[in-house]
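Chain by chain, the residues run as shown.
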Amino acid sequence: MTDRLRIVFAGTPDFAVPALDALHAAGHEIAAVYTQPDRPAGRGQTLNESPVKRRAVELDLPLEQPATLRTAGAAADLAAYRPELMVVVAYGLILPPAILGVPRLGCWNIHASLLPRWRGAAPIQRAILAGDTTTGITIMKMDAGLVEQCLAGRLVAVQQPDEGATYAAKIRKPEAVIDWRQPSAQIDRQVRAFNPWPVAETRWQGQQLRIWEAESVAANGGGEPGRVLEAEGGRLLVAAGEGALHLHRVQLAGRRAMTPAEFLNAHPLAGARLGE
C-alpha cells in the first residue's frame with residue numbers, strides 16, 4: 001500500500017475498537033493511541049482498562065492516557081508523534097483548538113448517529129430511548145465551533161443543518177430508575193439503552209433490583225403498574241402502564257445476574273409489587 005497515513009487514534013469504549021482495527025488492518029501507521037485513564041470500577045474499586053487500551057496493547061501500539069488535553073504541553077506531546085491525521089471515536093475528552101490544529105489533514109470524528117440528530121455524548125442510548133427505527137454513522141471533520149478518500153481528496157465536507165438537530169445528553173444514573181407507569185415498550189427501550197451502564201433498576205422490598213434484559217409484551221387482564229403478574233415456570237412478568245414487561249435477566253445488589261427461573265427459586269415474587 002503506497003497511500004499510507006500516519007495516524008493518531010483516540011477512542012475509549014467497545015464501539016471504538018472496530019475503527020482502530022480497520023485502520024490498522026488497512027496498513028496505516030498508527031503512531032499512537034489515546035484513550036481515557038484507567039478508572040476504578042466495581043465494589044473493590046479495581047482500576048478498569050478501557051477496551052481501546054486493551055486492543056492497543058494487543059496490537060503493541062504506543063499508548064497515551066492523559067486526563068485532559070487542555071494542558072500547555074498537550075499539543076506539543078501530540079505533535080511529537082507527527083500525525084498526518086487524527087481519528088476520534090467516542091474518546092470522551094474535548095479536543096481544544098490547539099489539538100485540532102496539529103494533524104496536517106485535521107481531526108476526523110466517527111459519530112454514532114445520523115447527524116444532526118443526536119449530537120452529543122450519548123447518541124446510541126438516546127436513539128434507543130426515543131425508539132428511533134433508523135440510525136447510522138456520521139464521519140465529520142472537527143473544528144473549533146474514509147481515510148483513503150481523505151488522502152485522495154475525494155471527500156467533500158458538508159455543513160450540518162441546524163434543522164432537525166437533537167442533543168444526546170450525557171447519561172445520568174437517576175435516568176435508569178424505572179417508572180412502571182410508563183408503557184412497557186418505553187421501559188423495554190430503557191433497559192436496552194442502559195445496558196451495560198448504568199443498568200435499569202427498580203426496588204423490591206427496599207432492595208435495588210437491576211434489570212439487564214427484558215421484553216415488552218401484551219398483558220392479559222392488566223394490573224397496577226409494577227405488580228408481578230406471573231412468577232412461575234421461568235416466567236417473570238410485570239405490569240406496566242400499558243402492556244407488561246417480561247424480565248429475562250435480573251440482579252439483586254451484591255449478587256450475580258440471574259435468569260427468572262434462578263431468581264424465583266430463592267425469591268418468591270408472586271403478587272409482589274416492584275418499585276416500592
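Computed from a prediction, not measured in an experiment: that's the story for all the values here.

A.B. asks: For this particular structure, what's the right way to read the sheet that holds strand 15 (residues 244-252)?
C.D. replies: Pairing between sheet strands relies on hydrogen bonds along the backbone, with the strands arranged either parallel or antiparallel. Here five strands make up an open sheet; going across it, the order is 11-12-15-14-13 and the pairing antiparallel. Looking at strand neighbours, the two that pair on one side only are strand 11 (200-204) and strand 13 (228-232), the edges of this open sheet. Averaged over all pairs of adjacent strands, the angle between their axes in this sheet comes to 40 degrees, without regard to strand direction. Inspection of the sheet shows strand 11 paired to strand 12 (residues 207-217) by five bridges, in the antiparallel sense.

A.B. asks: Please explain the packing of helix 5 (residues 123-130) against helix 7 (residues 184-193) as it appears in this structure.
C.D. replies: Following both chains from N to C, one finds helix 5 and helix 7 inclined at 165 degrees, their axes separated by 8 Å at the closest point. Judged by the inter-axis angle, helix 5 sits roughly antiparallel to helix 7. Of the two possible hands of crossing, helix 5 and helix 7 adopt the one that is right-handed. In this structure, helix 5 uses Gln125, Ile128, Leu129 and Ala130 to contact helix 7, whose residues at the interface are Gln186, Arg189, Gln190, Arg192 and Ala193. Per-class residue counts for the contact of helix 5 with helix 7 are four nonpolar, three polar and two charged.

A.B. asks: How should I be thinking about the nonpolar core in this particular structure?
C.D. replies: Across soluble globular proteins, nonpolar side chains have a tendency to be buried as a group. By size, the foremost hydrophobic cluster in this structure holds 23 residues, and its most contacted members are Trp180, Ile211, Leu247, Phe263, Leu269 and Leu274. Put simply, the parts of the chain that give this core at least two residues each are helix 7, strand 11, strand 12, strand 14 (235-239), strand 15 and helix 8 (260-266). Among the elements that make up this core, the one with the highest residue count is strand 15 (four residues). In this structure Leu274 touches Trp180, Thr202, Arg203, Trp204, Leu209, Gly226, Val228, Val238 and Leu247, once residues within four positions along its chain are discounted. Grouped together as the second largest cluster of nonpolar side chains are 21 residues, Leu5, Ile7, Leu23 and Trp108 included.

A.B. asks: Please explain the sheet that holds strand 2 (residues 29-34) as it appears in this structure.
C.D. replies: Taken together, the six strands give an open sheet; going across it, the order is 5-2-1-6-7-9, and neighbouring strands pair in mixed fashion. The sheet is open, and its two borders are formed by strand 5 (63-64) and strand 9 (138-141), each paired with just one other strand.

A.B. asks: Mind showing me how you'd approach the packing of aromatic side chains here?
C.D. replies: The relative placement of two aromatic rings is captured by the distance of their centres and the angle of their planes. In total, this model carries one aromatic pair according to the counting rule given. Judged by centre distance (6.0 Å) and plane angle (65 degrees), the rings of Trp204 and Phe263 are edge-to-face. Of this pair, Trp204 sits in strand 11 while Phe263 sits in helix 8, and the two are 59 residues apart along the sequence. In this structure, Trp204 and Phe263 share a single accessibility class: buried.

A.B. asks: I would appreciate a short explanation of the environment of Ala26 in the present structure.
C.D. replies: Position of Ala26 relative to the elements: it lies in the loop between helix 1 (17-25) and strand 2. The spacing of Ala26 and Leu5 is 21 residues in sequence and 10.0 Å in space, taken between C-alpha atoms.

A.B. asks: How do you make sense of unusual backbone geometry when you look at a structure like this?
C.D. replies: Glycine aside, the phi torsion of most residues is negative, and most peptide linkages are trans. Of note, the amide linkage connecting Leu115 to Pro116 takes the cis form, showing an omega dihedral of 15 degrees. Its location among the elements puts Pro116 in the loop between strand 7 (107-111) and strand 8 (119-120). For the peptide bond that leads from Trp197 to Pro198, omega is 5 degrees, which places it in the cis range. In this fold, Pro198 is placed in the loop between helix 7 and strand 11. Non-glycine residue Gln205 carries a positive phi angle of around 50 degrees.

A.B. asks: Even after reading the chapter, I still don't get helix 5, so can you show me in this structure?
C.D. replies: Note: α-helices contain 3.6 residues per turn, so residues at a spacing of three or four share the same orientation. Here helix 5 has its buried residues at Pro123, Arg126, Ala127 and Leu129. Projected down its long axis, helix 5 shows its buried positions confined to an angular sector of 165 degrees, all on one face. Backbone geometry just downstream of helix 5 places Gly131 in the positive-phi region, at approximately 75 degrees.

A.B. asks: What's the story with the pairing of strand 1 (residues 6-11) in this structure? I'm lost.
C.D. replies: Along a regular strand, successive side chains alternate from one face of the sheet to the other. Most of strand 1 is tucked away, with six of its six residues classed as buried. Neither face of strand 1 is exposed, since Arg6, Val8 and Ala10 on one face and Ile7, Phe9 and Gly11 on the opposite face are all buried. Looking at chain direction, strand 1 and strand 2 are connected through five bridges and run parallel. Each residue of the ladder has a partner; that of Ile7, found in strand 2, is Ile30. Handedness of the crossover joining strand 1 and strand 2 through helix 1: right-handed. When strand 1 meets strand 6 (residues 85-89), the two strands line up parallel, connected through five bridges. The partner of Gly11 across the bridge, within strand 6, is Val89.

Rules and cut-offs
Sequence order as written defines residue numbering, which begins from 1 separately in each chain. Local features are withheld for residues below a pLDDT of 70 in this predicted model, meaning they are given only at 70 or higher, and side-chain atom pairs are given and counted only at 80 or more; totals for whole chains, interfaces and linings count all residues. By convention in this description, side-chain values take in all heavy atoms of the structure and omit both hydrogens and water. Pairing between strands requires that DSSP locate at least two bridges from one strand to the other. Elements are defined by DSSP. Helices are runs of H or I of four residues or more, strands are runs of E of two residues or more, and each kind is numbered from the N terminus. For helices, the fitted line uses only the C-alpha atoms of the stretch in contact; every axis is such a line through C-alpha atoms, and the angle between N-to-C directions lies from 0 to 180 degrees. Working rule for angles: under 35 degrees goes down as roughly parallel, over 145 as roughly antiparallel, 65 to 115 as roughly perpendicular, anything else as oblique. Each crossing gets its hand from how the near helix is turned against the far one by less than a right angle, where anticlockwise is left-handed and clockwise is right-handed. The contact rule is simple, with two residues in contact once any of their heavy atoms fall within 4.5 Å. Amino acid classes used here: Ala, Val, Leu, Ile, Met, Phe, Trp, Tyr, Cys and Pro are nonpolar; Asp, Glu, Lys and Arg are charged; the rest, including Gly, are polar. Buried Ala, Val, Leu, Ile, Met, Phe, Trp, Tyr and Cys residues that are joined via side-chain atoms within 4.5 Å together make up what is termed a nonpolar core. Burial classes: relative accessible area under 20% of the type maximum marks a residue as buried, over 50% as exposed, and values in between as partly exposed (1.4 Å probe, protein chains only). For Phe, Tyr and Trp, where Trp contributes only its six-membered ring, two rings pair if their centres lie within 6.5 Å, and the inter-plane angle classes them as stacked under 30 degrees, edge-to-face over 60, or tilted in between. Each direction from the helix axis to a C-beta atom contributes to the arc, which is the arc of those directions. Seen with its strands pointing away from the viewer, a crossover is right-handed when the path leading from the first strand over the helix to the second is clockwise.

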